[in-house]
Amino acid sequence: MAKHESDHDGDEASVQLARLVLSLRSQGVSNPRVLAAIESTPRELFTPDLFKDRAFEDSALPIACGQTISQPYIVGLMSQALEVEPRSRVLEIGTGSGYQTTILSKLSRLVYTVERYRTLLGEAEARFKQLGLTNVITRFGDGGLGWPEQAPFDRILVTAAAPDEPKALLAQLKPKGVLVAPIGKGPVQSLKRYTGDGAGGFRIEVMTDVRFVPLLDGVAKEL
Ligand code: SAH
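Residues numbered from 1 in each chain as written. Predicted model: local features only at pLDDT ≥ 70, side-chain atom pairs only at ≥ 80, totals over all residues. Heavy atoms only, no water.

Enquirer: Provide a residue-level description of the site of the ligand, including the pertinent values.
Expert: Near the ligand you find 26 residues, and of these S97, E115, D142, G143 and L216 are the closest. Within the contact set of the ligand, a nitrogen atom lies 3.5 Å away from a side-chain nitrogen or oxygen of E92. At a separation of 2.6 Å, an oxygen atom of the ligand approaches a polar side-chain atom of S97. Relative to its unbound accessible surface of 570 Å², the ligand loses 99% to contact with the protein. Of all the cavities here, the one that holds the ligand is the largest pocket. (Near = heavy atom within 4 Å. Polar contact = N/O pair within 3.5 Å; in protein donor to acceptor, adjacent residues only side chain to side chain. Areas by Shrake-Rupley, 256 points an atom, 1.4 Å probe, with all protein chains shown as cover. 1 Å grid on protein atoms, 1.4 Å probe; cavity = no way out; pocket = protein on both sides within 12 Å on 5 of 7 lines; lining within 4 Å. Sits in = over half its atoms within 2 Å of the grid points.)

Now the structure itself:
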């Protein structure tokens, strides 16, 4: 009986995930590896109990510490824009729930992720373990400073809004690497992609308007 019920729940979740993926496709997320990663990731594992029934909606939802789990469309768009390759070493700033981290871990060789709230990081680490992810390395710290000991990275994804060009992070990118970040000081920011030209410069593309929580200095004093 219990088995039957859980099978049924699993079916329901996979139907909802398939529907979510169709919606992302219709909005322009077309990279098959990105879509497969989203389709195989149980987003309800990353949302608080109060919002489990909304886990497969294409919307951002509140998580602990006043933060948010990003909208699936934005996760798809950013993951696609990052042009992650199977051999990539990726740095993510702002672990949050760990949802975006999980998507990146399915696209790349190794993901380094930094979070400034201990509580969020602990919960995300438990999820990575539950999912059996073996290529995610976490750090409690100020992600604005990057992860100098592990630099340079092939790809860097910032999932909190940087007030302006994230120079410290760009300095930790390989010469032909790609960094994607929301940039701006207000409630609405520009999602920008920086692509290294191999000679120390960057091509900068403005992708779309987004709403992210701010990238804050230092680690959180509260849990
Ligand atoms: N990628 C996350 C989105 C979380 S929201 C997800 O899929 O759930 C952004 C996260 O960035 C928050 O958890 C916030 O605490 C974190 N953050 C903000 N400033 C930071 C900083 N300087 N260093 C590390 N994390 C930061």
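Resuming the write-up.
Enquirer: Give me the lowdown on the packing of aromatic side chains, citing residues and values where you can.
Expert: Counted under the stated rule, the structure contains four aromatic pairs. Geometrically, the ring pair formed by Y112 and W147 is edge-to-face, given 5.2 Å between the ring centres and 75° between the ring planes. Pair noted here: Y112 is in strand β4 (residues 110-115) and W147 is in the loop between β5 (136-140) and β6 (153-158), with a separation of 35 residues, a long-range link. Like Y112, the residue W147 is buried in the burial classification. A centroid spacing of 6.3 Å and a plane angle of 85° characterise the contact between Y194 and F202, whose relative ring orientation is edge-to-face. Judged by its relative accessible area of 2%, Y194 is buried. We classify F202 as partly exposed; its relative accessible area is 33%. (Phe/Tyr/Trp six-rings, centres within 6.5 Å; stacked < 30°, edge-to-face > 60°. Helix = DSSP H or I, 4+ residues; strand = E, 2+ residues; numbered from the N terminus. Buried < 20%, exposed > 50% of the residue type's maximum accessible area, 1.4 Å probe, protein only.)

Enquirer: A description of the pairing of β4 should follow, citing residues and the corresponding values.
Expert: Within a regular strand, the side chains alternate between the two sheet faces. With six of six residues buried, β4 is to be regarded as a mostly interior element. In β4, alternate side chains face the same way, and those of L110, Y112 and V114 on one face and V111, T113 and E115 on the other are all buried. The pairing of strand β3 (residues 89-93) with β4 spans five bridges and is classified as parallel. Bridge pairing in β4 places V90 opposite V111. Considered for its hand, the β-α-β crossover made up of β3, helix α4 (residues 99-107) and β4 is right-handed. When β4 meets β5, the two strands line up parallel, connected through five bridges. Within the sheet, the bridge partner assigned to V111 lies in β5 and is V136. Each parallel crossover has a hand, and for β4 linked through helix α5 (residues 118-130) to β5 it is right-handed. (Pairing = 2+ DSSP bridges. Right-handed = clockwise from strand over helix to strand, strands pointing away.)

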